[in-house]
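This is what each chain is made of:
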Amino acid sequence: MEETNESFVSKVRLLYSRTNAFIQINDDVCLPGVLCIFEESPKNYVFSWVSEDKISEEDMKVYKGVEKFNGVILPDSENGIYFSYNDELIKNSISAPLNDIASFSTTIPTEWYVGFILQLNNELYLPTFFVQKKQYEKDIDFYSELASWFSIVGKKVYKTSNDIGAHIYKVCDENDEIPESSILVAKGQTKKENSDIGKILEEAKFNIFLQFSKVTQKGKEAAAHILGAPVSMPLVPLLPKSFTYSILSKEEVKKICNEYEAARQYLRLMSKEMQEKTLNAINQTINIRNSNSYQKIKGQEMKWQEEKFINDIIKSMDYNEQFSSFTQNEDNVSQNIELLDFSSRRTGKPITMEQWSKFYNDEGRLIKNENEIRDLIYYSGLENDIRVDAWKYLLNIFPWDSTKEKRNEINIALKESYDSLKQQWKNILNNGPTSPMEGSEESINNSNAGDERFETDIYKRITNRKFRIEKDVLRTDRTIPMFSSNPENRSSDKPEIYDDLEIDTSHAGWNSNLESLRDILVSYTFLENDNGMSDLVAPIFGVFRNESDSFWCFNEFMERYKNNFNRNQEEMKNQLSLLLDLLRIMDIELYEHFEKLNCHHLFFCFKWLLVIFKREFDFYDCMRIWETLWSQKKSDYYQLFIAVAILKQNKAQLFELNEFDTILKYINDLSGKIQVEPTLSDTETIYKKFIYRYKKFKVSLINEKVKFMKEEHNSGIVHMEVIDEHGEEEQNNGLLDFTELAKNEIIMDQTSYVNRLAKLSNEIEVSN
């Protein structure tokens, strides 16, 4: 290789090379490079990724020549090529001593690419590398090739799995023992495995390299310089905001994943989507490779990018509102200046039994209409002894115009249905494995069933569910008297799982109320073939204290929220995405704080939304949260406004935290400590302010779009909307209604921030 006049020049030996290795810059662009193993000095080996942009044609021939060896060249071999390793190469590479690599993990396999993430001994990660596969190369062949790197430092590699089932290849000393469940990996001796390799993805920010304690000085210089290199400088602010790999090592995350299978599924979904974006970016990069410009993606023509205006508009609204609050005085009214009043109307006094009883006439029919009752519950809440009646209206068990006689008939019919349903699965268990079940084929194919959903033996399927549910129930609200080991609640029934659980149940054993929770949940899975949540049924049972009423109200509750537990996790992804949009318009400072910390995933709010704040509030306060959600018709996502209220209440503390894991721990520690009435009052205020801000934001965004369209028009670009039926530009007396055009274009764009925000309220009409 050609030497330069750079201040630093060193002779190194190239032992391994692999071209077409990409790292992701943003959703549209990946940077291609070469993976290398260098011998800097005897027994001193360095892993490096070198940017292809700085490699000459002559140098690339050297890398490709070493690549033909199809693996790492052993140090005592006569092969390997010596060349000069200079500052220019250092500044465009990412390096780490081979001895400092603790493990590598795999990403989802694809037809053309194989990906991996390297973890260092200090638990920090390099970015994800995606390597183009050679002809006929299998994923496992490449991972064996990676494992062979470590043979030159006298280490071995074994394969294990992490908490979400993804494969990790761990590096250890030759004399270290490996876990019995692990597989020792050696080049040429690795057994072929199923190609459905587990998935994790973390496109870490490049500035993480500056924190490495054991990376060589060359690596540190490379990391510092690559951020300043002309090819990457414009792209640095757009580095991926992904999270799944780095957070999995956090104990708080593991705790959530262990408690909620949905959290595990959510992380898998996000991993898969992030990898798909990366692969799309690789393909896009290959398409523009010969242009010598990694920034040129979609041509040079003008293109409307609403994202560029959003934060500025919101900050301008913040300023105007603050200015208005400082300047309001007695003259405002006379000057017709708008006074902003977002105060809450919550009374803080729940409806009493005496008040509730007056809502009925002699027929036992409500004298107030549905909307009036809903408003009363929304602004006041209910005393606990009223809930047994009122919740059946809110959960669609009782018609709002029903008489007392009609409600009694409904109660009797529902109890008979529940008893029959419960007896069916009890009979199957009593009769043994050969029991048939009507309609089982449809149930077996249900995509939302539990872990045992593919079990075709009905007896085994119900037994497995019962076992799993008992395990959950034994951990549910054990500090609440009705679920504790109170002698009055003792049950003759004893679950099989009881003796096998690795938990301390000596102070809170099985009892009749836990038995009821179990029977409700097993009956629910028998009816819906779905996973019911003991977290959600416990408060409902706490209100009704009988299985039939609890079951049917729980069934209605799950109709609203069961998509939270769907295995594809699309609903949770949707809610967290909308929560981020809502937080942005309601508190841009907090939004930007999370952005700076790479926490836009808001995973610390996942549990809140999954079980509807069940664990964030006191057991009885959570009932107040739920009845508020059920009573209002303002928004299908009112829970997101509650989430923003809690975040804003803790804004000062959150600003003092500078890492994801400390934020997650702080949020988790709020459990059971959040005050319900102040939170619901803040939520109402936030909702009112959101409606106001949405309207202001929409007008401002349309105005920005108008300016842009006028610039386009002056440049000779004609919008299809202003072309008449003959294909000619409409003159409209020389004046175009750009405001209407801009409004229509924004409304038609379903990905527009305006349309995303509109989903948050049923009181918003986008077209207005």
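Sequence order as written defines residue numbering, which begins from 1 separately in each chain. For this predicted model, a pLDDT threshold of at least 70 governs which residues receive local features, and a threshold of 80 or more governs which side-chain atom pairs are given and counted, while totals over whole chains, interfaces and linings are taken from all residues. Side-chain metrics in this entry use all non-hydrogen atoms of the structure; hydrogen atoms and water are not considered.

### So, helix H16 (residues 512-528)
So, point 1. For H16, spanning 17 residues, the distance from its first C-alpha to its last is 24 Å, which sits close to the expected 24 Å at 1.5 Å a residue.
So, point 2. Here's how the labels work: a residue is buried when its accessible area is under 20% of the maximum for its type, exposed when over 50%, partly exposed in between, all with a 1.4 Å probe on protein chains only. Segments assigned H or I by DSSP are reported as helices when at least four residues long, segments assigned E as strands when at least two residues long, and all are numbered from the N terminus. Of all 17 residues making up H16, 14 are buried, and the element is well covered by its neighbours.
So, point 3. Where H16 begins, one side-chain oxygen reaches toward the backbone nitrogen of Asn513, 2.9 Å away; that side chain belongs to Asn511. Between the first and last residue of a helix there are one fewer steps than residues, each counted as 1.5 Å, and that sum is the expected span. The definition of a polar contact used here is a pair of N or O atoms within 3.5 Å, where within protein one atom must be able to donate a hydrogen and the other to accept one, and adjacent residues in sequence count solely through side-chain atom pairs.

### Things to note about the pairing of strand S9 (residues 155-161)
So, point 1. Counting buried residues in S9 gives six out of seven residues, a clear majority hidden from the surface.
So, point 2. In this sheet, strand S10 (residues 167-173) lies alongside S9 in antiparallel orientation, the contact comprising seven bridges. Of the residues in S10, the one forming a bridge with Tyr158 is Lys170.
So, point 3. Paired strands are those between which DSSP finds at least two bridges. Strand direction decides the pairing type here: S9 and strand S11 (residues 183-185), joined by three bridges, are antiparallel. Paired with Val157 across the two strands is Val185, which belongs to S11.

### Section: the side chain of His601
So, point 1. Structurally, His601 can be placed in the loop between helix H20 (588-596) and helix H21 (606-610).
So, point 2. On the accessibility criterion, His601 (9% relative accessible area) is buried.
So, point 3. Here the side chain of His601 touches Phe603 through a polar contact of 3.0 Å, landing on its backbone nitrogen.

### Notes on helix H25 (residues 660-669)
So, point 1. Of all the positions in H25, only Phe660, Ile663, Leu664, Ile667 and Asn668 are classed as buried. Taken around the axis of H25, the buried residues stretch over an arc of 130°, which confines them to a single face. In this description, the arc belongs to the directions extending from the helix axis to the C-beta atoms.

### As for the environment of Asp587
So, point 1. With respect to the helices and strands, the residue Asp587 is situated in the loop between helix H19 (570-586) and H20.
So, point 2. Any two residues having at least one pair of non-hydrogen atoms within 4.5 Å are treated as being in contact. Sequence-distant contacts of Asp587, that is, excluding residues within four places in its chain, are made with Lys648 and Lys651.
So, point 3. A distance of 3.0 Å separates a polar side-chain atom of Asp587 from the backbone nitrogen of Leu590.

### What about the pattern of salt bridges?
So, point 1. Salt bridge criterion: a side-chain nitrogen from Lys or Arg within 4 Å of a carboxyl oxygen from Asp or Glu. Applying the stated rule across the entire model yields 37 salt bridges.
So, point 2. For the salt bridge of Asp519 with Lys422, the shortest nitrogen-to-oxygen distance reads 3.2 Å. Here Asp519, found in helix H16, pairs with Lys422, found in helix H13 (residues 404-431); they are 97 residues apart in sequence, far enough to count as distant. Residues Asp519 and Lys422 agree in their burial class; the two are buried.
So, point 3. A salt bridge links Arg756 to Asp581; its shortest N-O distance comes to 2.8 Å.

### Comments concerning the pairing of strand S5 (residues 93-97)
So, point 1. The buried fraction of S5 is high, at five of five residues.
So, point 2. Of the two faces of S5, the one holding Ser93, Ser95 and Pro97 and the one holding Ile94 and Ala96 are both buried throughout.
So, point 3. Bridge count for strand S3 (residues 44-51) against S5 is five bridges, and the pairing is antiparallel. The residue bridging Val50 from the neighbouring strand is Ser93, located in S5.

### Brief notes about unusual backbone geometry
So, point 1. The backbone of Arg545 shows a phi angle near 60°, a positive value even though the residue is not glycine.
So, point 2. If you trace the backbone, Arg545 turns up in the loop between helix H17 (534-544) and helix H18 (547-561).
So, point 3. Despite not being glycine, Phe613 shows a phi value in the positive range, around 60°.
So, point 4. With respect to the helices, strands and loops of the structure, Phe613 is situated in the loop between H21 and helix H22 (619-631).

### Section: the nonpolar core
So, point 1. By nonpolar core is meant a set of buried Ala, Val, Leu, Ile, Met, Phe, Trp, Tyr and Cys residues that side-chain atoms within 4.5 Å join together. If you look at the biggest cluster of nonpolar residues, it comprises 146 residues, and the most contacted ones within it are Leu536, Ile585, Phe594, Phe604, Leu647, Phe690 and Phe697.
So, point 2. Those residues in contact with Phe594, other than ones at most four positions away along the chain, are Leu583, Cys599, His600, Leu602, Phe604, Leu647, Leu654 and Ile663.
So, point 3. Counting 48 residues, the second-largest nonpolar core is a separate cluster that includes Val12, Phe38, Leu126 and Tyr169.

### Section: the environment of Tyr393
So, point 1. You can see Tyr393 is positioned in helix H12 (residues 384-394).
So, point 2. On the accessibility criterion, Tyr393 (1% relative accessible area) is buried.
So, point 3. The spacing of Tyr393 and Glu370 is 23 residues in sequence and 9.0 Å in space, taken between C-alpha atoms.
So, point 4. In this view, Tyr393 contacts Trp356, Tyr360, Leu366, Phe398, Pro399, Trp400, Ser402 and Arg407; residues no more than four positions away in its chain are not counted.
So, point 5. Here Tyr360 takes part through its side chain, which lies 3.1 Å from a polar atom of the side chain of Tyr393.

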